[in-house]
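# Chains, contacts and geometry: an overview
Residues per chain are reported as follows:
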Amino acid sequence: MAKNITGHTGLLCLLGSPVEHSISPAMHNEACDQLGLDYAYLAFDVPEAKMPEAVEGLRTMGARGWNITMPGKNIMCKLADKVSPASEISGACNTIVNDDGVLTAYTTDGIGFMRAVKENDVDIIGKKMTLLGAGGAATAILVQAALDGVAEINVFNVRDAFYSRAEEIVAKLNERTSCKVTLHDFSDPEILRASIADSRILVNGTSLGMAPNTDRTAIQDPTMFHKDLFVFDVVYNPRETRLLREAKEAGCQVSNGMYMLLYQGAASFELWTGKEMPVDIIKEKYFSK
């Protein structure tokens, strides 16, 4: 059934580049239709350099809110009038709420991760996490997990462009939360092994293993896995990465990042509309294939 667009229809959207592959328009428009909400969600290909112009246009037009994907997550935080605690610590956001021209930045990726973990009947509050990576997805997970009450997080990352930024974020989390966060150079396998040994959860927050490079994995030695370990991979293409396959063979409970994607969208949707996204319907229609 065609969507009925009127002069009252509110605008929700996605900004970033590229955006043509995004599932966000389908899931948000479906949610609005299911709940009878008069919004339309569109995707706009906007490079980082054009983001300030696009944001001022959306502010002027009274768009209710928007998501931001790469490469605009960092600059969008600077364009917002207010930022959530998670966005302030991470310096990035993926959701903007426009309240009468006042733009508030949120990051819901970490919220999506925490909900996806909980859905697997895994409790990581008060427990230890080993996190691989310090890019955008890994940082969102790190910050939200620390804010929500994970007791200890060991972060492993190579000394790339993200490392110095990660040092700053780790320092903020150790100062502002009760979580003990430590950043390690991803070079000593024995330090990694020791961390995984007493962790409740291991998270791959990198793109290693993503199609088409499905033979790659962040854990080269499967003997690091143990049966009490929950292994979460943010990669969801393929649905079962080499990391998850080898972890499952070692007796671990595993999950990919598909529902993290769903639940970060659900959190954004609720910020804009005040309504809970009908996730069961969205799951069946867009996430079950």
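Further up the page is the structure itself.
Let me sum up the structure you'll find in this document.

## Observations concerning the overall build of the chain
Secondary structure summary: the chain contains 11 helices and 12 strands in total. Expected size for 289 residues packed as a compact globule is a radius of gyration near 19 Å; at 19 Å, the chain falls within 12% of this value. Its C-alpha atoms give the chain principal-axis dimensions of about 60 × 40 × 35 Å. Taking all 289 residues of the chain together, the buried fraction comes to 51%. Here the analysis covers contacts within the chain between residues at least 6 apart in sequence; of these, 70% occur between residues at least 24 apart. Accessible surface, the chain: about 13,300 Å² in total, of which carbon and sulfur atoms supply 52%.

## Notes on the pattern of salt bridges
Between side chains of opposite charge, a pair can form as their charged atoms come close. What the rule picks out here adds up to 15 salt bridges. Across the pair aspartate 81 and arginine 59 runs a salt bridge, and its minimum N-O distance is 2.9 Å. Placement of aspartate 81 in the loop between α3 (73-79) and β4 (82-83) and of arginine 59 in helix α2 (residues 51-61) is noted, with a sequence separation of 22 residues between them. Taking the relative accessible area as the measure of exposure, aspartate 81 reaches 46% and is therefore partly exposed. As a salt-bridge pair, aspartate 198 and lysine 128 come within 2.7 Å of each other at their nearest N and O atoms. Residue aspartate 198 is found in the loop between α8 (189-197) and β10 (201-204), and its partner lysine 128 is found in strand β7 (residues 128-132); the two are separated by 70 residues along the sequence. By relative accessible area, which is 13% here, lysine 128 ends up buried.

## A word on helix α5 (residues 109-119)
Turning to α5, its buried residues are Asp109, Gly110, Gly112, Phe113, Met114, Ala116 and Val117. Among the structural elements, α3, β7, α6 (136-148), β10, β11 (230-233) and α10 (258-273) are those in contact with the buried residues of α5.

## Things to note about the pairing of β7
Along β7, five of the five residues are buried, which leaves the element largely enclosed by surrounding structure. Residues Lys128, Thr130 and Leu132 point to one face of β7 and Met129 and Leu131 to the other, with burial holding for every one of them. With five bridges joining them, β7 and strand β8 (residues 152-157) adopt parallel strand pairing. Residue pairing across strands places threonine 130 opposite asparagine 154, the latter belonging to β8.

## Points about the sheet that holds strand β6 (residues 102-106)
The mixed open sheet is built from six strands, whose spatial order is β2-β1-β3-β5-β6-β4. Bordering the open sheet on either side are β2 (39-45) and β4, each of which pairs with just one other strand. Here seven bridges tie strand β1 (residues 10-16) to β2, and the two strands are oriented parallel to one another. Following the sheet pairing, leucine 11 is matched in β2 by alanine 40. Across the face of the sheet, helix α1 (residues 24-35) comes into contact with β1, β2 and β3 (65-68) while running at roughly 170 degrees to β2.

## Looking at the side chain of asparagine 256
Considering the arrangement of structural elements, one finds asparagine 256 in the loop between β12 (253-255) and α10. At a separation of 2.9 Å, a polar atom in the side chain of asparagine 256 contacts the main-chain carbonyl oxygen of arginine 239. At 3.0 Å, the side chain of asparagine 256 forms a polar contact with the backbone nitrogen of methionine 258. Beyond its immediate chain neighbours, meaning those up to four positions away, asparagine 256 contacts Phe232, Asp233, Val235, Tyr236, Arg239 and Leu244.

## Topic: the packing of aromatic side chains
Under the defined criterion, the tally for this structure stands at six aromatic pairs. Look at tyrosine 41 and tryptophan 272: their rings are 6.1 Å apart centre to centre, the planes differ by 50 degrees, and that puts the pair in the tilted class. Of this pair, tyrosine 41 sits in strand β2 while tryptophan 272 sits in helix α10, and the two are 231 residues apart along the sequence. Classification of tyrosine 41 by relative accessible area gives buried; the value is 2%. Judged by relative accessible area, which is 2%, tryptophan 272 ranks as buried. Pairing phenylalanine 230 with phenylalanine 232 gives two aromatic rings, centres 6.4 Å apart and planes at 70 degrees, and the pair type is edge-to-face. We classify phenylalanine 230 as buried; its relative accessible area is 0%. Taking relative accessible area as the criterion, phenylalanine 232 reaches 0% and is therefore assigned buried. By way of ring pairs, the aromatic residues Phe113, Phe230 and Phe232 are connected into one cluster. Sitting above the plane of the tyrosine 259 ring, lysine 283 keeps its charged end 4.7 Å from the centroid.

## Observations regarding the nonpolar core
Within the largest apolar cluster, 55 residues are counted, with the highest numbers of intra-cluster contacts made by Phe113, Met129, Ile153 and Phe232. Filtering out sequence-adjacent residues up to four positions away, isoleucine 153 remains in contact with Met129, Leu131, Leu142, Ala145, Ala146, Cys179, Lys180, Val181 and Thr182. Listed in part, the 18 residues of the second largest apolar core include Met51, Val55, Ile68 and Ala105.

Reading guide: rules and limits
- Residues numbered from 1 in each chain as written.
- Predicted model: local features only at pLDDT ≥ 70, side-chain atom pairs only at ≥ 80, totals over all residues.
- Heavy atoms only, no water.
- Helix = DSSP H or I, 4+ residues; strand = E, 2+ residues; numbered from the N terminus.
- Rg over C-alpha atoms; globule rule 2.2 N^0.38 Å.
- Buried < 20%, exposed > 50% of the residue type's maximum accessible area, 1.4 Å probe, protein only.
- Contact = heavy atoms within 4.5 Å.
- Areas by Shrake-Rupley, 256 points an atom, 1.4 Å probe, with all protein chains shown as cover.
- Salt bridge = Lys/Arg side-chain N within 4 Å of Asp/Glu carboxyl O.
- Pairing = 2+ DSSP bridges.
- Axes fitted to C-alpha atoms, helices over the stretch in contact; angles between N-to-C directions.
- Polar contact = N/O pair within 3.5 Å; in protein donor to acceptor, adjacent residues only side chain to side chain.
- Phe/Tyr/Trp six-rings, centres within 6.5 Å; stacked < 30°, edge-to-face > 60°.
- Lys NZ or Arg CZ within 6 Å of the ring centre and 35° of its normal.
- Core = buried A, V, L, I, M, F, W, Y, C linked by side-chain atoms within 4.5 Å.

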